[in-house]
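# Fold and geometry: a report
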Amino acid sequence: MSEKEGAFTLVEIIVSCAILVILMGALYRVFLGSSSAWQKGEARTRMYQNARIVLDLMSREIKASFISRGDPHLIFKGNQSFLTFVSVSNTPNTTGEYDLRQIEYGLSQERLRRRIETRLDSFSGGATAMIGERVLNLTFSYWGQDQWQEFWDSTRGTPENTDDSLPEAVKITISTQDEEAREPPLILSTVVYLPVRR
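Quick caveat, the model's predicted, so the values are computed rather than measured. (Residues numbered from 1 in each chain as written. Predicted model: local features only at pLDDT ≥ 70, side-chain atom pairs only at ≥ 80, totals over all residues. Heavy atoms only, no water.)

### Some points on the overall build of the chain
Selection criterion: Secondary structure elements follow DSSP: runs of H or I of four or more residues count as helices, runs of E of two or more count as strands, with numbering from the N terminus. The buried label goes to any residue with under 20% of its type's maximum accessible area, the exposed label to any with over 50%, and the partly exposed label to all in between, with areas taken from a 1.4 Å probe on protein chains only. By definition in these notes, contact holds between two residues if any of their heavy atoms fall within 4.5 Å.
The helix and strand tally for the chain stands at one helix and ten strands. For the chain, the N- to C-terminal ordering of α and β elements is α-β-β-β-β-β-β-β-β-β-β. Within the chain, the fraction of its 198 residues that count as buried is 32%. A separation of at least 24 residues holds for 51% of the contacts in the chain among residues at least 6 apart in sequence.

Structure, rendered in structure tokens:
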């Protein structure tokens, strides 16, 4: 071989390989960082979307709740962790058909449960469905008499004393977490204003 041919020396090849390995390592770290950020963002978005869907469903049904003085089946009762009320809701598998339903919300083993009773005059158990998973906390507050209250019972009145009433508003707060618990809990809250019926 003559010296005039352009060839790389062993030292040049080793140096260029070392530079290439350093660049590939840096690119790999950037890729891992962006992939991790993407996964965290996606988990946070799923948590937010699921929580908003649950809050929207609960808000719609609570907004349609009502009571009737003197009718013991038309109630609105709740404490900080449980709510049961009568509401107008769509009849399953039909379009434009609505009926009275007793609806209950409660939390059991990080699952938000919704129970619907179609017969108001007898307790048959109804249908229970899970509407949210990985719900760490569910809290209700009731606005009435110019303050937030921890309990509400529309049946506290009597036929002579007609103080049966709905709260003016219900505040719902839920705390949820992603499936792998990689993200800190997401806390969302909404206030549902009930139409004033006087």
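### Considerations on the packing of aromatic side chains
For any pair of aromatic rings, the description rests on two quantities: the centre-to-centre distance and the angle between the ring planes. Stated formally: Ring geometry is summarised as follows: Phe, Tyr and Trp rings, the Trp one being its six-membered ring, pair when their centres sit within 6.5 Å, and such pairs are stacked at plane angles under 30 degrees, edge-to-face over 60 and tilted between the two.
If you walk through the whole model with that rule in mind, you get four aromatic pairs. Centroid distance phenylalanine 76 to phenylalanine 85: 5.9 Å. Interplanar angle 35°. Geometry classified as tilted. Assigned by exposure class, phenylalanine 76 and phenylalanine 85 land together as buried. Summarising the aromatic geometry, the rings of phenylalanine 76 and tyrosine 142 are spaced 6.3 Å apart at their centres and angled 90° between planes, so their arrangement reads as edge-to-face. Of the two residues, phenylalanine 76 sits in strand 1 (residues 76–78) while tyrosine 142 sits in strand 6 (residues 135–144), which places them 66 residues apart along the sequence. Note on accessibility: phenylalanine 76 and tyrosine 142 belong to one class, buried. A connected cluster of aromatic rings, assembled from ring pairs, spans Phe76, Phe85, Tyr105 and Tyr142.

### Some details on the environment of glutamate 117
Note the following rule: A 3.5 Å cut-off defines polar contacts: any pair of N or O atoms within that distance qualifies, except that in protein one atom must be a possible hydrogen donor and the other a possible acceptor, and neighbouring residues in sequence count only when both atoms are side-chain atoms.
The residue glutamate 117 is located in strand 4 (residues 111–117) in this model. Side chain to side chain, glutamate 117 and arginine 115 meet in a polar contact 3.2 Å long.

### Quick look at the pattern of salt bridges
Selection criterion: A pair is scored as a salt bridge if a Lys or Arg side-chain nitrogen falls within 4 Å of a carboxyl oxygen belonging to Asp or Glu.
One pass over the full model with this rule turns up eight salt bridges. Salt-bridge contacts for glutamate 110 lead to arginine 134; the nearest nitrogen and oxygen are separated by 3.1 Å. Separated by 24 residues along the polypeptide, glutamate 110 in the loop between strand 3 (98–108) and strand 4 and arginine 134 in the loop between strand 5 (127–133) and strand 6 bring together distant segments of the chain. Salt bridges linked by common partners bring Glu104, Arg115 and Glu117 together as one network.

### Examining unusual backbone geometry
Of note, the phi angle at glutamate 110 is positive, near 60°, even though the residue is not glycine. Positive phi, normally seen in glycine, also occurs at glutamine 145, with a value near 55°. A residue is classified by how much of its surface remains accessible, and glutamine 145, at 59% relative accessible area, is exposed.

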